[in-house]
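Architecture and fold: a report
Read off the chains here:
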Amino acid sequence: MPATRLFPADWLDVGSYQDVPLGLLKTGKESEVHLVARTGTSKTALLAEKRFKAWDRRSFRDDSTYRGVWGQGTRRESRAMRKNTRYGHVAVHARWIAHEWDTLVRLADAGVTVPPPVEPTEDGYRMAFIGDGARAAPRLSETHLDPRTATRVWAELEEEVARMLAVDVVHGDLSAFNVLWWRGRAVLIDLSQAVDAITHPAARALLVRDVDRLAGYFRRHGVVVDPRATLARVGDSPARFARQVLSS
Ligand SMILES: Nc1ncnc2c1ncn2[C@@H]1O[C@H](COP(=O)(O)OP(=O)(O)OP(=O)(O)O)[C@@H](O)[C@H]1O
Ligand SMILES: [Mg+2]
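Here goes a summary of the coordinates provided. As the structure is a computational prediction, the values presented were derived from the model and not from experiment.

1. Comments concerning helix α5 (residues 227-234)
Within α5 the residues assigned to the buried category are Pro227, Thr230, Leu231 and Val234. Looking straight down α5, one finds that the buried residues subtend no more than 100° of arc, so they occupy a single side. Turned more than 90 degrees away from the buried face of α5, the exposed residues are Arg228, Ala232 and Arg233. Those residues of α5 that are buried are in contact with α3 (147-166) and α4 (203-220). Looking one or two residues beyond α5, the residue adopting positive phi is glycine 235, at roughly 110°.

2. A closer look at the coordination of the magnesium ion (ligand 2)
Protein-derived coordination of the magnesium ion (ligand 2) comes from Asn178 (OD1) and Asp190 (OD), at a distance range of 2.1 to 2.2 Å. In this pair, asparagine 178 is assigned in the loop between β8 (169-170) and β9 (179-182) and aspartate 190 in the loop between β10 (185-188) and β11 (195-196), connecting sequence segments twelve residues apart. Look at asparagine 178 and you get buried, because its relative accessible area is 8%. The class of aspartate 190 is buried, set by a relative accessible area of 16%.

3. Structural notes on the site of ligand 1
With respect to spatial proximity, 19 residues lie near ligand 1, and among them Lys29, Ser31, Lys50, Ile130 and Asp190 are the closest. Looking at the shell around ligand 1, the elements with two or more residues in it are β1 (18-27), β2 (31-39), β3 (44-52) and β5 (124-128). Across the shell around ligand 1, the residue classes tally to ten nonpolar, three polar and six charged.

4. Points about the pattern of salt bridges
Enumeration over the complete set of coordinates arrives at 17 salt bridges. Measuring nitrogen to oxygen at the nearest pair gives 2.8 Å for the salt bridge that ties glutamate 49 to arginine 126. Of this pair, glutamate 49 sits in strand β3 while arginine 126 sits in strand β5, and the two are 77 residues apart along the sequence. Take arginine 126: its relative accessible area is 17%, and that puts it in the buried class. A salt bridge links aspartate 173 to arginine 213, with the nearest nitrogen and oxygen atoms 3.4 Å apart. Note that aspartate 173 is positioned in the loop between β8 and β9 and arginine 213 in helix α4, a separation of 40 residues in sequence. Residue class for aspartate 173 comes out buried when judged on its relative accessible area of 13%. Put simply, Asp19, Arg38, Glu49, Arg51, Glu119 and Arg126 are held in one network by salt bridges that share partners.

Here is what the cut-offs are and how they apply
- Residues numbered from 1 in each chain as written.
- Chains lettered and ligands numbered in written order.
- Predicted model: local features only at pLDDT ≥ 70, side-chain atom pairs only at ≥ 80, totals over all residues.
- Heavy atoms only, no water.
- Buried < 20%, exposed > 50% of the residue type's maximum accessible area, 1.4 Å probe, protein only.
- Helix = DSSP H or I, 4+ residues; strand = E, 2+ residues; numbered from the N terminus.
- Arc of directions from axis to C-beta.
- Contact = heavy atoms within 4.5 Å.
- Donors = N, O, S within 2.8 Å, 3.2 Å for Na, K, Ca; no water.
- Near = heavy atom within 4 Å.
- Nonpolar A, V, L, I, M, F, W, Y, C, P; charged D, E, K, R; others polar.
- Salt bridge = Lys/Arg side-chain N within 4 Å of Asp/Glu carboxyl O.

Printed below as a string of structure tokens:
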């Protein structure tokens, strides 16, 4: 069953607009998220702008699991990345940013419950702000769900993971810290570590970790979870990952 849309199709005006920055919302390990009010001809919408920190200011800098799988850059870029030069770092950083935006668009198109993408920027991208008024939605990790709600949301998140895998994406950093809780819905964010399920050698290991981490939260909230059964339900199978070296 496809997830119903989070936002109405016309949530954002098309055409001319004016943006007013409303300030810093959150500082993460690798980014800052800013709040922006965009006023078009008929309405004002709130946007979240994710700005990646420059590569040398990120506290999470072990891209080794993730680099090299985001499509081909120029030969000069590839050589610089291999040699670990400053230019190489800058090239990795640019790909990192483009990668998260591309993944967000791909998942939104596939009907995964993510903030609707708005546009890429020089150092990140803009998406719909998930919150009420200017109050950001809490993360699932900060939310207490009763067992009944938790059971429903766990089943919905299984469907989300299945939907991602159906378009060959493994989130790679899925946990209650990267899921927002908004109006009774779980909204997946933070796709910077997403990998391609077909080509990435650690895809299955990351999928297993994603399911395990998320399962931990739901177990603590009274849900009987069976990660193996979940993996089977979301589309994991020996054949699917047969050619990947780190499959277990
Ligand atoms: N679209 C959004 N609407 C509302 N809040 C958001 C949105 N996107 C991100 N946030 C908030 O900003 C925080 C950081 O975003 P995100 O997880 O994408 O970045 P990060 O740099 O990986 O941060 P962290 O190190 O905390 O994981 C989120 O935990 C969430 O609270
Ligand atoms: Mg995060």
